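The lines below spell out each chain.
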Amino acid sequence: RKPSFVSVPFNGTIGEILVTPGQAVKEGDVLARMDSTLLESKTEMATAEAEAARIALSNTEREAMRDRAKLAELAVLQAQVAQKEADRDFSQQLLARADMKAARDGIVVFSDAGSLRGRPGQTGEHIMLLADPQDSELLIRVPVDTMIDINRDVPAKFFLNVSPLGYREAVYDSIGYQATPDPDGLLTYKVRARFAKGEDLPRIGWTGTAKLYGERTIFAANLLRRPLIALRRKFGV
């Protein structure tokens, strides 16, 4: 619930991943680092150019005290100094953001460090999540064809793939109003639930199967519901 996103600070290559999936971290810990080799060179160059522009301005100011014709050059040099210093400051700010740090205590959630290391990243791209393992929720994806009128008074049962014989109960928080596509291409309604009090919280990221309950109905009608939907779609009835 309410995870923090760890995002790429600027366009570039992800240099190092300093944590492992599921590792507990503290606020301020460095989680990943951008490859800043080119940025360091740009920062050094911008610093040198800003210093050169400042020296040129200082020399011209002294010459203008003897040669009034030099006064016309001062405005141009001042603008150049301001631009070079702005470029230097911007490069230094980016360099200071090369380390991606934890914004809060929690565990980091991502797939694999090897798949991220050395990969080009775009500004704002999410590469991992930072979550509180004691504040988790259950996300249930219900395919469009199997959606029912869910009875919110009956908790959902969640069967973990790692322990399919037992289940945990979860109370509904929200039921998606509109179906949306998932990364795997499946069109589903999103149901979010919180685990009932006293239930052992599963590890964040674990998957399984959820059983949802609707209102009482005639068994034959429920059994034939999906075949009837398929026939109606096929014949346009």
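Residues numbered from 1 in each chain as written. Predicted model: local features only at pLDDT ≥ 70, side-chain atom pairs only at ≥ 80, totals over all residues. Heavy atoms only, no water.

**Some details on the pattern of salt bridges**
At step 1: Overall, the coordinates contain 14 salt bridges when judged by the stated rule.
At step 2: Among the ionic pairs, Arg192 bridges to Glu137, the shortest N-O distance being 2.5 Å. Taken as a pair, Arg192 in strand β13 (residues 187–195) and Glu137 in the loop between β8 (126–131) and β9 (138–143) lie far apart in primary sequence, 55 residues in all.
At step 3: Look at Arg192 and you get partly exposed, because its relative accessible area is 33%.
At step 4: Using a relative accessible area of 27% as the deciding quantity, one classes Glu137 as partly exposed.
At step 5: Residues participating in the shared-partner salt-bridge network are Arg1, Asp135, Glu137, Asp173, Arg192 and Arg194. (Salt bridge = Lys/Arg side-chain N within 4 Å of Asp/Glu carboxyl O. Helix = DSSP H or I, 4+ residues; strand = E, 2+ residues; numbered from the N terminus. Buried < 20%, exposed > 50% of the residue type's maximum accessible area, 1.4 Å probe, protein only.)

**Describing the nonpolar core**
When a protein is soluble and globular, its nonpolar side chains tend to lie buried together.
At step 1: Counting residues in each nonpolar core, the largest one holds 22 residues, and the members touching the most others are Ile17, Val19, Leu31, Val108, Phe110, Ile127 and Met128.
At step 2: Elements represented by at least two residues in this core include exactly β2 (12–17), β4 (30–34), α3 (113–116) and β8.
At step 3: Leaving out residues up to four positions away in the same chain, Ile127 has contacts with Val6, Val8, Ile14, Ala32, Met100, Phe110, Leu116 and Arg119. (Core = buried A, V, L, I, M, F, W, Y, C linked by side-chain atoms within 4.5 Å. Contact = heavy atoms within 4.5 Å.)

**A short note on the packing of aromatic side chains**
At step 1: Counted under the stated rule, the structure contains 2 aromatic pairs.
At step 2: A centroid spacing of 6.3 Å and a plane angle of 50° characterise the contact between Phe158 and Phe195, whose relative ring orientation is tilted. Taken together, the residues Phe158 in strand β10 (residues 156–160) and Phe195 in strand β13 connect sequence positions 37 residues apart.
At step 3: When the centroid spacing of 5.5 Å and the interplanar angle of 50° are considered together, the rings of Phe159 and Tyr167 count as tilted.
At step 4: A relative accessible area of 22% places Phe159 in the partly exposed class.
At step 5: Assessed through its relative accessible area of 38%, Tyr167 is described here as partly exposed. (Phe/Tyr/Trp six-rings, centres within 6.5 Å; stacked < 30°, edge-to-face > 60°.)

**Some points on unusual backbone geometry**
At step 1: The phi angle at Lys2 is positive, at roughly 50°, despite the residue not being glycine.
At step 2: Its place among the elements puts Lys2 in the segment before β1 (4–7).

**Structural notes on the environment of Arg141**
At step 1: Within the fold, Arg141 resides in strand β9.
At step 2: A polar contact of 3.2 Å, which involves the side chain of Arg141, links it to the side chain of Asp184. (Polar contact = N/O pair within 3.5 Å; in protein donor to acceptor, adjacent residues only side chain to side chain.)

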